[in-house]
Amino acid sequence: MLTVVKPGLLTSVQDLGRYGYQKYGVIASGVMDQLSHRISNILVGNEENEPTLEITLLGPVIHFDKDTLISICGGDLSPSINGDPVRIWRTIFVKKGSKLSFGPAITGSRAYLAVAGGFVVPKVMDSKSTYLRAGIGGFEGRAFKAGDSLPFNLPGELSKVLFEYMALQAGDKPFIEMDWSVASDLIPLHQKDPSIRVMKGKHYPLFSQESKEKFFSQTFEVTPQSDRMGYRLKGSFLQLENPGELISEAVSFGSIQVPSEGNPIVLLADRQTTGGYPKIGQISSVDLPIIAQAKPGDHISFSEVTHETAQQLFLKREKKIKQLKNGILLKFR
Amino acid sequence: MNYSLQPLGDHAVIIELGEDINLETQQNLKLITSFFDKNLEDWMVEYIPAFTTVSLFYDPVKVMNQSSKIHALPYDIVCTKLRSLLGRIHAVNEDNQRLVEIPVCYGGNLGPDLQFVAEHNGLTPEEVIHIHSSGNYIVYMIGFAPGFPYIGGMSEKIATPRRETPRLKIPPKTVGIAGQQTGVYPIETPGGWQLIGRTPVELFLPDEEPPTLLRAGDKIKFKPISYKEYLELGGDK
């Protein structure tokens with residue numbers, strides 16, 4: 001079990017999302033940065049879809065009530081245990097009574113904390129993700145408050161082997177880090193002002209020539225009106241050649257839509273299921289983990305990628321994740 | 001059935017059935033979604049229906065694992081599969097359209113804009129209630145919010161533009177009018193709709209399967225009820 005001493009800015013339980021219910025208007029929710037979430041789970045021996053804690057910018061203070069394995073992946077929010085810094089992208093053995101806290105955001109804006117076995121929360125509509133606005137799923141349908149306690153499930157086979165391997169080396173230290181980490185080519189670079197690969201959207205041809213050029217050449221600032229639902233960007237105004245109304249249709253994670261006032265909005269984890277604004281672009285899946293780590297004030301630029309390349313990049317990324325999983329299995333089974 | 005296919009990002013395909021909102025498109029859409037409901041294959045994640053489109057989300061890794069074409073794109077494999085599947089769908093004349101009655105307590109605190117809607121259209125509030133509750137409505141799609149129905153078929157006689165300043169909170173289960181549209185808000189949201197009444201009926205049922213009262217294709221009747229009946233049916237004060 002862990003206990004939340006301080007909740008941080010926005011800490012919620014999320015898995016890979018609530019799928020199968022968008023046809024009823026129920027939003028997908030789930031983690032913003034799926035790559036970091038998945039690797040965090042893999043490092044503690046969990047299934048990739050086990051819920052993790054999504055920690056946003058100002059991290060929580062967490063007290064561990066029993067010995068466990070954890071991993072923190074994603075943005076570097078300066079995590080430390082009992083005051084000593086711990087590295088991200090690593091399996092960590094934590095002793096009962098230790099306290100995990102966070103400091104300034106060095107890179108990125110979201111960190112994912114996985115524990116071996118995963119957290120005990122009920123499944124609502126096939127998912128353990130928190131749907132904050134409707135108040136369902138996750139831990140009581142809400143973000144964490146001080147004093148909340150969250151129990152863990154019993155660890156699986158692989159987690160147990162990893163746990164025992166590390167417990168032997170820990171001695172009387174409050175925590176130890178695993179002596180290996182994730183291959184560096186799988187760890188995304190969380191730069192300030194990232195460049196994001198984007199496919200042309202369905203309505204790209206409807207935009208004015210000037211807007212099409214600006215979209216791929218100018219930078220756009222992430223405004224403070226940005227959250228898990230979407231990032232509102234500010235930059236050059238984008239306009240349709242012939243303004244008009246479109247018929248609403250499905251949107252997806254990473255759709256970039258442009259309302260008539262001309263500032264683009266990037267739709268993210270808590271996006272609505274359908275939308276009626278023109279879609280100028282669609283972020284390639286491999287770069288969703290990059291945009292998910294952007295924060296207000298960052299300047300984003302978009303570079304064009306073909307649909308074909310985006311699919312190939314995605315399959316390549318999946319292959320690497322599979323290699324990481326197999327590597328851990330080979331080492332510990 | 002005529003349709004076109006195009007990508008929505010690298011994980012989904014949009015099946016477009018027409019360019020206008022009409023009943024024929026709505027019926028074809030219903031055929032496709034009922035087909036997916038019964039035949040959702042392993043590589044399909046889910047679908048999202050809209051007025052003229054059904055967007056199918058797929059898992060590119062599963063698509064590749066199940067295909068012998070190792071150099072093909074997942075999207076192209078999906079399109080080939082879809083063309084074959086959609087070719088098997090035939091129009092069936094089944095009259096399985098459901099009629100759902102939604103009781104509404106109009107006006108008063110529950111419908112603070114009823115008077116405005118009446119004045120805007122040169123009617124009395126009673127006439128607005130009569131016109132709204134005698135319409136034949138059809139649910140074109142569910143979306144925007146959990147269980148929120150996009151309803152077609154409202155009379156132009158009571159069409160009213162959205163409020164200039166949206167309300168920050170609209171209570172759940174409020175019935176409203178925006179332009180030529182009418183709808184019911186299942187959960188509390190901000191919005192600029194003109195609020196004409198409230199229903200005691202839950203539209204979003206998170207613990208049930210499916211979790212919504214209404215489905216695309218349903219016919220709807222709004223039935224006027226008194227405040228007393230509203231409370232008896234469990235309406236919020």
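Caption draft 1: Broad picture of the sheet that holds strand β6 (residues 80–81) of chain A. Residues and elements named next belong to chain A. One open sheet accounts for six strands, arranged β7-β6-β9-β4-β1-β11; its pairing is antiparallel. Each edge of the open sheet carries a strand with a single partner, namely β7 (84–85) and β11 (149–150). Bridging between strand β1 (residues 2–6) and strand β4 (residues 61–64) involves four bridges; their strand directions are antiparallel. By the bridge assignment for β4, Lys 6 is matched with Val 61.

Caption draft 2: Inspection of the domain arrangement of chain A at higher detail. Residue and element names in this part refer to chain A. By domain assignment, chain A separates into domain 1 (2–189) and domain 2 (195–314). Here the C-alpha centre of domain 2 lies 29 Å away from the C-alpha centre of domain 1. At the junction of the two partners, domain 1 supplies 29 residues and domain 2 supplies 18 residues. Each partner contributes to the roughly 1700 Å² buried at the junction of domain 1 and domain 2, and carbon and sulfur atoms together form 53% of this total. The tally of links between domain 1 and domain 2 comes to one salt bridge.

Caption draft 3: Layout of the sheet that holds strand β3 (residues 44–49) of chain B. Residues and elements named next belong to chain B. Read from one edge to the other, the open sheet built from four strands follows the order β1-β2-β4-β3, with strand pairing classed as antiparallel. The open sheet has two edge strands, β1 (4–8) and β3, and neither has a second partner. Pairs of neighbouring strands in the sheet enclose a mean axial angle of 25°, with direction left out of account. Across five bridges, strand β2 (residues 12–16) lies against strand β4 (residues 53–58) in antiparallel orientation. Across the sheet, the residue bridging to Ile 15 is Val 54, located in β4.

Caption draft 4: View of the side chain of Glu 46 of chain B. By the element assignment, Glu 46 of chain B lies in strand β3. Salt bridges are absent for the buried Glu 46 of chain B, whose nearest opposite-charge side chain, Arg 271 of chain A, sits at 6.1 Å. Within the local environment of Glu 46 of chain B, its side chain forms a polar contact with the backbone nitrogen of Gly 20 of chain A, the two atoms lying 2.5 Å apart. A distance of 2.7 Å separates the side chain of Glu 46 of chain B from the side chain of Gln 22 of chain A, its partner in a polar contact. Every residue in contact with Glu 46 of chain B, bar those within four places of it in the chain, is listed here: Tyr 19, Gly 20, Tyr 21 and Gln 22 of chain A together with Ser 55, Leu 56 and Phe 57 of chain B.

Conventions used here
- Residues numbered from 1 in each chain as written.
- Chains lettered and ligands numbered in written order.
- Predicted model: local features only at pLDDT ≥ 70, side-chain atom pairs only at ≥ 80, totals over all residues.
- Heavy atoms only, no water.
- Pairing = 2+ DSSP bridges.
- Helix = DSSP H or I, 4+ residues; strand = E, 2+ residues; numbered from the N terminus.
- Domains from an automatic or database assignment.
- Contact = heavy atoms within 4.5 Å.
- Buried area = accessible area lost by both parts, 1.4 Å probe.
- Salt bridge = Lys/Arg side-chain N within 4 Å of Asp/Glu carboxyl O.
- Axes fitted to C-alpha atoms, helices over the stretch in contact; angles between N-to-C directions.
- Buried < 20%, exposed > 50% of the residue type's maximum accessible area, 1.4 Å probe, protein only.
- Lys, Arg positive; Asp, Glu negative; His and termini not counted.
- Polar contact = N/O pair within 3.5 Å; in protein donor to acceptor, adjacent residues only side chain to side chain.

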